[in-house]
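Descriptive structure summary
If you want the building blocks of each chain, they are given just below.
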Amino acid sequence: MMNKRRIAALALLVSVIMAVAPTSAIFAGQAQVQATTAEAMIELADRAEQQVKNLIDLVYANDTALQMIEDAGLLDELEGNVTLYNQGVENLTKAHAALKIEDYETAVEYATDALSIFREVFSSIHIILDKAGVQKGQLTDNQGLLEAVTRALERVAYLRQILPENATDALQLLDQAEAYLNIDEARALLLEGKTGEVISNLDQARELISQVYQYLKQLGENSNVWRIYNYCERTQERIRERFRYGSDNGVNFTSALASQGYQSENEFMQALQNMIQAAQGKAGNIQNAVQDLEAISQMVQQMDQALTQEISRHQNQYGMDGSGGSGSGMGGNRP
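Structure report, in brief. (Residues numbered from 1 in each chain as written. Predicted model: local features only at pLDDT ≥ 70, side-chain atom pairs only at ≥ 80, totals over all residues. Heavy atoms only, no water.)

Quick word on the overall build of the chain
Note the following rule: Secondary structure follows DSSP: runs of H or I at least 4 residues long count as helices, runs of E at least 2 residues long count as strands, and numbering of each begins at the N terminus. A simple rule labels every residue: compare its accessible area, found with a 1.4 Å probe on the protein chains alone, to the largest value its type can have, and call it buried under 20%, exposed over 50%, or partly exposed in between. Any two residues having at least one pair of non-hydrogen atoms within 4.5 Å are treated as being in contact. Where accessible areas are quoted, they stem from the Shrake-Rupley method and a 1.4 Å probe; at the residue level, only the protein chains shown are allowed to cover.
Looking only at helices and strands, one finds twelve helices and zero strands in the chain. Every one of the 335 residues in the chain was classed for burial, and the buried ones make up 43%. Of the contacts formed within the chain by residues at least 6 apart in sequence, a portion of 77% connects residues at least 24 apart. Here the chain has roughly 17600 Å² of accessible surface; of this, 49% comes from carbon and sulfur atoms.

See below:
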């Protein structure tokens, strides 16, 4: 009798395990997509916050600009935007905290709110500067320098991804370039009026980056074609994953695609493929190829942002299962 009970218990345990296993796989896949979505939104918000902070710091460090804004009766409006920016920073901090504890839905919500605030503040401050007649002064020159530093840092990141792992000397050159491209140090120097030092550091970094281009050129066109191909494949797969998630969960990406100038996913992917082919065709001129990779990265990043925001809106409307129902799609069978 006891043996029969044990056998029955084991049979029940096996049936439970078999029933739960597929659901666990679904949960794992869903969690990974949610984590990727949250990380992407927070990264976008981080970049926007940095850009707005640069602008605000440069405005308040320029006495002439502040006086012009005050004379135009726009100082209160400027301060209101700074208050709003601080609210965005609070939301971004909460997004990072939620991501740390793997509360991805909350992380996406806070990051989306922060990104929206940063965009509004950035646009509003530029309107204030324009109305006050500050737009063409030294202030925007300094902002342009910070953006040039940021672009150079992005170029370093692209080069790291296409360099071979054993390219020790070239990787060290990129490390040195990054040291010259310290964005916080550049901002501090500009606030002190030391524009020349920022320009000098930027020039030093560009020279080091140029040496890395020469290294890649020496590797030969065939080698570079392969490296560019791998980089582009990773980029394509990242955006395909976002489209797949939307398709599996009933997200309508029509408005997101339209916001980027495309009528369908196929049209976007074809445009992306055309750009990739153009980049691969320039493997003999690695500097031009990297410029194309920058354009590809920006194109994918903007689309990824639009898709991520659409996914967030869909999840807010229908819940994390994304289906509008109670048990279908990647979010089905929730405990």
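Next comes the rest of the account.
Here's the deal with the nonpolar core
Going by this rule: Residues belong to a common nonpolar core when they are buried Ala, Val, Leu, Ile, Met, Phe, Trp, Tyr or Cys residues joined through side-chain atoms within 4.5 Å.
Judged by nonpolar contacts, the single largest core of 56 residues is most densely connected at Leu159, Ile239, Phe243, Phe268 and Leu272. Going through the elements one at a time, helix H5 (138-162), helix H6 (168-180), helix H7 (183-191), helix H8 (195-219), helix H9 (221-248), helix H10 (254-259), helix H11 (265-280) and helix H12 (286-318) are the ones with two or more residues in this core. Here the element with the most residues in this core is H12; it accounts for eleven residues. Setting aside its immediate chain neighbours within four residues, Leu159 contacts Leu174, Ile209, Val212, Tyr213, Leu216 and Val290. Among the nonpolar cores identified, the runner-up in size contains 37 residues, and Met41, Ile56, Leu115 and Ile117 belong to it.

Some details on the pattern of salt bridges
Inclusion rule: Definition used for salt bridges: Asp or Glu carboxyl oxygen within 4 Å of a side-chain nitrogen of Lys or Arg.
Enumeration according to the criterion identifies ten salt bridges in this entry. Between Glu43 and Arg47 there is a salt bridge; the shortest N-O distance is 2.8 Å. Of the two residues, Glu43 and Arg47 are both situated in helix H1 (residues 2-61); the distance of four residues between them amounts to about one turn of the helix. The class of Glu43 is partly exposed, set by a relative accessible area of 43%.

Some details on the environment of Gln287
Inspection of the secondary structure puts Gln287 in helix H12. Residue classification places Gln287 among the partly exposed positions, given a relative accessible area of 36%.

Examining the packing of H6 against H8
For the record, the criterion: Fitted lines through C-alpha atoms give the axes, limited to the stretch in contact for helices. The angle between two N-to-C directions lies from 0 to 180 degrees. Each angle gets one of four labels, with under 35 degrees taken as roughly parallel, over 145 as roughly antiparallel, 65 to 115 as roughly perpendicular, and the rest as oblique. Note on convention: near helix rotated counterclockwise from far helix by under a right angle means a left-handed crossing. Clockwise means right-handed. Each residue is assigned to one of three groups, with Ala, Val, Leu, Ile, Met, Phe, Trp, Tyr, Cys and Pro labelled nonpolar, Asp, Glu, Lys and Arg labelled charged, and all others, Gly among them, labelled polar.
Taken N-terminus to C-terminus, the directions of H6 and H8 make an angle of 165°; their axes are 8 Å apart at the nearest point. If you check the angle between H6 and H8, you find them roughly antiparallel. In terms of crossing hand, the pair formed by H6 and H8 is left-handed. Between H6, through Ala170, Leu173, Leu174, Gln176, Ala177 and Tyr180, and H8, the contact on the second element is made entirely by Asn201, Gln204, Ala205, Leu208, Ile209, Gln211, Val212 and Tyr215. Classifying every residue of the contact of H6 with H8 by side-chain character gives ten nonpolar, four polar and no charged.

Thoughts on H8
As a reminder of what qualifies: Each helix should span, by expectation, one fewer than its residue count multiplied by 1.5 Å.
Taking 1.5 Å as the rise per residue, H8 with 25 residues should run 36 Å; its terminal C-alpha atoms sit 37 Å apart, in good agreement. Regarding H8, the residues found buried are Thr195, Val198, Asn201, Leu202, Ala205, Leu208, Ile209, Val212, Tyr213 and Leu216.

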